[in-house]
Amino acid sequence: MIEKISTLVGIAVNKSSQTSMQNVTRTCSKENVLQLRQQYGEFESFCKNFDMSEAAHYAGYPDRCVTGTAPSLLEVDEMYGADTAHTWLAAQLSHLAEYCGVNGKLTPWQVELCATNMVQEHGHLKVTEFLLYFCRMAMGRYGKFYGQMDPQRIMSWLDDFLKERSEIITAVAEKEE
């Protein structure tokens, strides 16, 4: 089952921890990165395709967000250079704050730190998975901000999303068996 799941999400499973889907990394071969770069074009074009304004569209296809071919954050950095995934995430977090209309926005420092933590801890996730997460967060699925965006809440809600992600992966794997 683990092999089936790893095939679905395009990851290489650490054999010493097959019971845990948390310890997975997506492979970033040069060939794969070049193919993705051809598919998505320059960084500006990539950002237009994977923007918070498109999150609701992507959220309509959660299975595809998780098991599709969109690049991971690690691949974004490989495609466009160091810290581009961080730049993309920071922009999405800023858009999210605007969408939610909270009075207490994230400070630039909080946005930077939150984006850094997301890349470091969850770089294996695809950009579509983050858009799915952001859309669900914006709809209040994980809770409310109550007037103030909170980086700790954003990061802890990401753990809730990862549980949903695991359920999606399992359901798709079972459906294909």
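Just so you know, these numbers come straight off a predicted model, no measurement behind them.

1. Topic: helix 9 (residues 127-138)
End to end, helix 9 covers 16 Å across 12 residues, agreeing with the expected 16 Å (1.5 Å per residue, within 8%). In terms of residue burial, helix 9 counts as a mostly covered element, since 12 of its 12 residues are buried. For helix 9, the full list of buried residues reads Val 127, Thr 128, Glu 129, Phe 130, Leu 131, Leu 132, Tyr 133, Phe 134, Cys 135, Arg 136, Met 137 and Ala 138. A positive backbone phi angle near 85° is found at Gly 140, which sits one or two residues after helix 9.

2. With respect to the packing of helix 9 against helix 10 (residues 151-176)
Running from N to C, helix 9 and helix 10 cross one another at 115°; their axes reach a closest spacing of 10 Å. In this structure, helix 9 meets helix 10 at a crossing whose hand is right-handed. Residue-level inspection shows Glu 129, Phe 130, Leu 132, Tyr 133, Arg 136 and Met 137 of helix 9 in contact with helix 10, the latter providing Ile 154, Trp 157, Leu 158, Phe 161, Glu 164, Arg 165 and Ile 168. Class assignment for the residues of the contact of helix 9 with helix 10 results in 9 nonpolar, no polar and 4 charged.

3. Notes on helix 10
Helix length check: helix 10 (26 residues) gives 37 Å between terminal C-alpha atoms against 38 Å at 1.5 Å per residue, within 8%. N-capping of helix 10 is provided by Asp 150, with a side-chain oxygen placed 3.0 Å from the backbone N of Gln 152.

4. Examining the side chain of Glu 129
Looking at the secondary structure, you find Glu 129 in helix 9. One polar contact links Glu 129 to Arg 165, side chain to side chain, over a distance of 2.4 Å. The contact partners of Glu 129, leaving out residues within four places of it in the chain, are Cys 65, Val 66, Phe 161 and Arg 165.

5. Thoughts on the confidence of the model for the protein
Of the residues in the protein, 83% have a pLDDT of 70 or more, and the chain-wide mean is 83. Per-element averaging of pLDDT across the protein places strand 1 (residues 11-13) at the bottom with 40 and helix 5 (residues 62-67) at the top with 96. Per-residue pLDDT stays below 50 along residues 1-9; that stretch engages in 27 contacts with residues further than four places along the chain or on separate chains.

6. A closer look at the packing of aromatic side chains
In total, this model carries 12 aromatic pairs according to the counting rule given. Seen from their ring centres, Tyr 133 and Phe 161 are 5.5 Å apart, and the 50° between their planes marks the pair as tilted. With Tyr 133 in helix 9 and Phe 161 in helix 10, this residue pair connects regions lying 28 residues apart in the sequence. Residue Phe 161 is classed as buried on the basis of its relative accessible area, which comes to 0%. An aromatic cluster of at least three residues, connected via ring pairs, comprises Tyr 40, Phe 43, Phe 46, Phe 50, Tyr 58, Tyr 80 and Trp 88.

7. As for the pattern of salt bridges
Scanning all chains against the criterion turns up 6 salt bridges. The partner of Glu 42 in a salt bridge is Arg 37, with the nearest N and O atoms 3.0 Å apart. Look at Glu 42 and you get exposed, because its relative accessible area is 53%. Among the residues examined, Arg 37 registers a relative accessible area of 29% and is labelled partly exposed.

About the criteria used
Residues numbered from 1 in each chain as written. Predicted model: local features only at pLDDT ≥ 70, side-chain atom pairs only at ≥ 80, totals over all residues. Heavy atoms only, no water. Helix = DSSP H or I, 4+ residues; strand = E, 2+ residues; numbered from the N terminus. Expected span 1.5 Å × (residues − 1). Buried < 20%, exposed > 50% of the residue type's maximum accessible area, 1.4 Å probe, protein only. Axes fitted to C-alpha atoms, helices over the stretch in contact; angles between N-to-C directions. Left-handed = near helix turned anticlockwise from the far one by under 90°. Contact = heavy atoms within 4.5 Å. Nonpolar A, V, L, I, M, F, W, Y, C, P; charged D, E, K, R; others polar. Polar contact = N/O pair within 3.5 Å; in protein donor to acceptor, adjacent residues only side chain to side chain. pLDDT = per-residue confidence, 0-100. Phe/Tyr/Trp six-rings, centres within 6.5 Å; stacked < 30°, edge-to-face > 60°. Salt bridge = Lys/Arg side-chain N within 4 Å of Asp/Glu carboxyl O.

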